[in-house]
Amino acid sequence: MIKIRSLVIGAFFFSITVAKAQLSGTLTVPGSYASIAAAVNALNSVGVSGPVTFNIAAGYTETAPVGGYSLTATGTSANTITFRKNGVGANPLITAYAGGTGTPGTAVQDGVFELIGSDYVTIDGIDITDPNTANPATMEFGYALYKASVTDGCQNNTIKNCVITLNRINWASGTAPMVDGSVGIIMMNATNIAATTVLSSSVAVSGANSNNKFYSNTIQNCNIGIALIGYADVTPFTYADYGNDVGGTSAATGNTIINYGGGA
C-alpha cells in the first residue's frame, strides 16, 4: 500500500512538472497547439527556456478572441519568440472579433494583437483583417506594442511581411497619447489598460520602447499606417525610445501604406 501511494504521488508531481515546463524548439499551429490563442496563452503561462518558433500553416485562419491576443511573455537575445507563416500558400489570416466597444478616446482600445512589455518577439507573415463596418465595433489597431510599466517597455521586436487591413471609417479623435482613428501598427507610451494616459518613463532605460523593426508590411484601409508615440524625454534623452526602424534602408524592406485616411 505504501509503495502504491508513493508511486501515485510521484506520478502526480511528475505530471505537474511536465505541465509547467517552459517552451522551446519548433511548435506548430495547428498541431502542437490548436490555435494561435492557445499558443499565446501557453507562452504567457510558462514562458520560454530556449528559442521558440510557432510555425503557423499557410492558409490557416482564425478569429481573434474578444479583446484580441495579449502577449505578456518575453524573450531574450538568446531565447527568442517567433510566430511565422510555414509552407507555400496564403499568409495565415487573423480576423478581428465582432462588436468592439472601444474608441481612440477610451482607456482600452479594440485591437487584434498586442505585445505588452515583450522583448525579442518576431511576427512574420501573419495577416490581420477587420470585417467590422460600423463604429465603435471597428478595431483601433492591428498590431500594438504597449509598455507593461514605466520600467518595462517593448524592445527588440520585429513585425514583417504582414498584410494589415482595418477600416478607415474609424477616424474618431484620439485622446493623447492615442492618435486618431484606426492604426495598422502602433507603438505607445502607455499601457494596454490605460492607452489614453501618458507614462512618465524617466525611471529606467528598460522602460523605453526601443530597437523595434517594422519591415515589408502592407497596411491598408486604415486612418494611419504606422504610429510611434514615445516618451518626451529631456536632454540627455537617457530614457527616450531609440533605434526603432520603419522600413529599413532598402526598397526590399519598405512598408506599403495605401488607401489611408478616413476623415473629411
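Because the structure is predicted, anything quoted here is derived from the model rather than measured. (Residues numbered from 1 in each chain as written. Predicted model: local features only at pLDDT ≥ 70, side-chain atom pairs only at ≥ 80, totals over all residues. Heavy atoms only, no water.)

Along the backbone of the chain there are two helices and 18 strands. For the chain, the C-alpha radius of gyration of 20 Å lies close to 18 Å, the compact-globule estimate for 264 residues. Over its C-alpha atoms, taken along the principal directions, the chain stretches across nearly 80 × 45 × 40 Å. Counting the 264 residues in the chain, one finds 46% classified as buried. Within the chain, counting contacts between residues at least 6 apart in sequence, those at least 24 apart form 82% of the total. Split by element, the accessible area of the chain, about 11600 Å² in all, is 59% carbon and sulfur. (Helix = DSSP H or I, 4+ residues; strand = E, 2+ residues; numbered from the N terminus. Rg over C-alpha atoms; globule rule 2.2 N^0.38 Å. Buried < 20%, exposed > 50% of the residue type's maximum accessible area, 1.4 Å probe, protein only. Contact = heavy atoms within 4.5 Å. Areas by Shrake-Rupley, 256 points an atom, 1.4 Å probe, with all protein chains shown as cover.)

Take the pairing of strand β5 (residues 81-86) next. Bridging between strand β2 (residues 48-57) and β5 involves six bridges; their strand directions are parallel. In the strand pairing of β5, V52 is matched with I81. As paired strands, β5 and strand β8 (residues 121-124) are joined by four bridges and run parallel to one another. Bridged to F83 within β8 is I123. (Pairing = 2+ DSSP bridges.)

Another point: helix α2 (residues 36-46). Each turn of an α-helix holds 3.6 residues, which means side chains three or four residues apart point in the same direction. For α2, the set of buried residues is I36, A37, A39, V40, A42, L43 and V46. At the C-terminal side of α2, G47 shows a positive phi close to 75°.

Quick look at the packing of aromatic side chains now. The final tally for this structure, using the stated rule, is six aromatic pairs. When the ring of Y69 is compared with that of F113, the centres are 5.3 Å apart and the planes differ by 35°; the resulting orientation is tilted. Residue Y69 is found in strand β4 (residues 69-71), and its partner F113 is found in strand β7 (residues 111-116); the two are separated by 44 residues along the sequence. On the accessibility criterion, Y69 (2% relative accessible area) is buried. Grouping aromatic residues by their ring pairs yields a cluster made of Y33, F54, Y69, F83, F113 and Y143. (Phe/Tyr/Trp six-rings, centres within 6.5 Å; stacked < 30°, edge-to-face > 60°.)

With 46 residues, the main nonpolar core has L43, F113 and Y143 as its most contacted residues. The contacts of L43, once residues within four sequence positions are left out, are L23, V48, V52, F54, L71, A73, I81 and F83. (Core = buried A, V, L, I, M, F, W, Y, C linked by side-chain atoms within 4.5 Å.)

Glancing now at unusual backbone geometry. The omega torsion of the bond from N135 to P136 falls at 5°, within 30 degrees of zero and hence cis. Position of P136 among the secondary structure elements: in the loop between β9 (127-129) and β10 (141-146). Residue P236 is bonded to the preceding T235 through a cis peptide linkage, with omega at 10°. Note on placement: P236 falls in the loop between β16 (224-228) and β17 (245-246). Not every positive phi belongs to a glycine, and N161 is a case in point at roughly 60°. Tracing the backbone through its elements, the reader meets N161 in the loop between β11 (158-160) and β12 (163-165). In this structure, N211 is a non-glycine residue whose phi angle is positive, near 60°. Mapping N211 onto the fold places it in the loop between β13 (183-187) and β14 (213-215). Its relative accessible area of 32% is what places N211 among the partly exposed residues.

Averaged over the chain, the pLDDT score is 92; the fraction of residues at 70 or greater is 92%. Every residue in residues 1-19 is under pLDDT 50, and counting partners more than four places away or in other chains gives one contact. (pLDDT = per-residue confidence, 0-100.)

Here the focus is the sheet that holds strand β15 (residues 218-220). On the basis of which strands lie adjacent, the open sheet formed by six strands has the order β3-β6-β9-β12-β15-β18 and parallel pairing. The open sheet is flanked by β3 (61-63) and β18 (256-258), the only strands paired with a single partner. Sheet twist, expressed as the mean angle between neighbouring strand axes with direction ignored, is 15°. Looking at chain direction, β15 and β18 are connected through three bridges and run parallel. From the neighbouring strand, Q220 faces β18, where its bridge partner is I258. (Axes fitted to C-alpha atoms, helices over the stretch in contact; angles between N-to-C directions.)

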